[in-house]
Amino acid sequence: MTGGRRPRPPVGDAATIATQAEGFLRAQAYYEEARAEARTLCDRMPWMTTAQAEDFTRHYVDHRITLVRAMLSATVTRTGELRQEYEGRYLQLRRALLRRHAGWASVALASATGLHALAWIWLR
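Residues numbered from 1 in each chain as written. Predicted model: local features only at pLDDT ≥ 70, side-chain atom pairs only at ≥ 80, totals over all residues. Heavy atoms only, no water.

A. View of the side chain of R64. Here R64 is to be found in helix α2 (residues 50-123). A residue is classified by how much of its surface remains accessible, and R64, at 15% relative accessible area, is buried. Looking at R64, its side chain comes within polar contact range of the side chain of E33, at 3.4 Å. With sequence-adjacent residues up to four places away left out, R64 is seen in contact with E33, A34 and E37. (Helix = DSSP H or I, 4+ residues; strand = E, 2+ residues; numbered from the N terminus. Buried < 20%, exposed > 50% of the residue type's maximum accessible area, 1.4 Å probe, protein only. Polar contact = N/O pair within 3.5 Å; in protein donor to acceptor, adjacent residues only side chain to side chain. Contact = heavy atoms within 4.5 Å.)

Written as structure tokens, this is what we have:
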């Protein structure tokens, strides 16, 4: 027996599980929203039989889920593009800042060296 204590899962695993759970809950919310919209549309068409309403609901939900997948896919693609653009721009800015700091450090070092040389000459 192990004394009743179970080993704790690594943090990465908990984060992965939480992300998957969130994704599942969002998918369920989209599905329920689509079903509610289909029911509302079917209520506006009282001449439809029960089988027709169920068929319409199934097709509507399938169509909505396809649209949501396409929108999310486009969003993921665009975020990847934006991330690359922002990382490239950040790298450019970081390099420019490093060049400026190196330049100012060189000026400060040259000034300090010049002042030291002048002080050495004057005090000699």
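B. Focus on the pattern of salt bridges. Scanning all chains against the criterion turns up seven salt bridges. Salt-bridge contacts for E87 lead to R83; the nearest nitrogen and oxygen are separated by 3.0 Å. Of this pair, E87 and R83 both sit in helix α2, four residues apart, which is roughly one turn of the helix. Since its relative accessible area comes to 44%, E87 is described here as partly exposed. Its relative accessible area of 57% is what places R83 among the exposed residues. (Salt bridge = Lys/Arg side-chain N within 4 Å of Asp/Glu carboxyl O.)

C. Structural context of the environment of A36. Checked against the element boundaries, A36 lands in helix α1 (residues 11-43). Accessibility expressed as a relative area gives 32% for A36, which makes it partly exposed. For the pair A36 and A74, spaced 38 residues apart in the sequence, the C-alpha separation amounts to 25 Å.

D. Up close: the packing of aromatic side chains. Inspection of every chain in the model, using the stated rule, returns one aromatic pair. Ring centres of F56 and Y60 lie 6.2 Å apart, and the angle between their planes is 25°; this geometry places the pair in the stacked category. With a gap of four residues between them, F56 and Y60 both fall in helix α2, about one helical turn apart. By relative accessible area, F56 is classed as partly exposed at 27%. (Phe/Tyr/Trp six-rings, centres within 6.5 Å; stacked < 30°, edge-to-face > 60°.)

E. A look at the layout of surface pockets. Here the largest pocket is characterised by a volume of approximately 230 Å³. Together, T19, E22, G23, R26, A27, Y30, Y31, I65, V68, R69 and L72 line the largest pocket. Where the lining of the largest pocket is concerned, the elements lending two or more residues are α1 and α2. When residues in the lining of the largest pocket are grouped by element, the largest group, seven residues, is from α1. Its residues assigned to classes, the lining of the largest pocket comprises six nonpolar, two polar and three charged. (1 Å grid on protein atoms, 1.4 Å probe; cavity = no way out; pocket = protein on both sides within 12 Å on 5 of 7 lines; lining within 4 Å. Points joined across faces, edges and corners; volume = space filled by probe spheres on them. Nonpolar A, V, L, I, M, F, W, Y, C, P; charged D, E, K, R; others polar.)

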